[in-house]
Amino acid sequence: MSGFDWPALMRVGYLSLRLTPDQFWSLTPAELRLMLGHGAGMPSMNRMGLDALLAAYPDKTKGERDDGS
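Not measured: the values here are computed from a predicted model. (Residues numbered from 1 in each chain as written. Predicted model: local features only at pLDDT ≥ 70, side-chain atom pairs only at ≥ 80, totals over all residues. Heavy atoms only, no water.)

S.K.: I keep staring at the overall build of the protein chain and nothing clicks. Help me out?
M.R.: The number of helices and strands found in the protein chain is four helices and zero strands. Moving toward the C terminus, one meets the helices and strands of the protein chain in the order α-α-α-α. By residue count, 7% of the 69 residues in the protein chain fall in the buried class. (Helix = DSSP H or I, 4+ residues; strand = E, 2+ residues; numbered from the N terminus. Buried < 20%, exposed > 50% of the residue type's maximum accessible area, 1.4 Å probe, protein only.)

Pasting the structure below:
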């Protein structure tokens, strides 16, 4: 099984979003999720988030030289 509830997705696509069958079937799952409002509330990364990522995953570790040794 694919894990998608196709009848429910088709209902919301055709009835709520008023998509034609061609429009519905040409969407990617990510596009359909966006149209349904999933992930719309996720804020973009700010400087504090970027700094936290840089601290957790630095390009170079202490003592590492440019040649990777």
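There's plenty left to go through after this.
S.K.: I tried to follow a nonpolar patch on the surface on my own but got confused; where do I start?
M.R.: On the surface, M45, L50, L53, L54 and Y57 cluster together into a nonpolar patch covering about 520 Å² of accessible area. Within the secondary structure, Y57 is located in the segment after α4 (47-56). (Patch = residues over 30% accessible without salt bridge, like charges linked within 9 Å, V, L, I, M, F, W, Y side chains within 5 Å. Areas by Shrake-Rupley, 256 points an atom, 1.4 Å probe, with all protein chains shown as cover. Salt bridge = Lys/Arg side-chain N within 4 Å of Asp/Glu carboxyl O.)

S.K.: I would appreciate a short explanation of the packing of aromatic side chains in the present structure.
M.R.: Working definition: an aromatic ring pair is given by the centre-to-centre distance plus the angle between the planes. Taken as a whole and judged by the stated rule, the model has four aromatic pairs. Relative to W25, the ring of W6 has its centre 5.3 Å away and its plane inclined at 35 degrees; by these criteria the two rings are tilted. Taken as a pair, W6 in helix α1 (residues 6-16) and W25 in helix α2 (residues 21-26) lie far apart in primary sequence, 19 residues in all. Take W25: its relative accessible area is 49%, and that puts it in the partly exposed class. Cluster of aromatic residues (ring-pair linked, three or more members): F4, W6, Y14, F24 and W25. (Phe/Tyr/Trp six-rings, centres within 6.5 Å; stacked < 30°, edge-to-face > 60°.)

S.K.: I tried to follow unusual backbone geometry on my own but got confused; where do I start?
M.R.: Backbone geometry follows two general trends: most residues other than glycine have a negative phi, and most peptide bonds adopt the trans configuration. With a phi angle near 55 degrees, R18 is a residue other than glycine that sits in the positive phi range. Residue position: R18 is located in the loop between α1 and α2.

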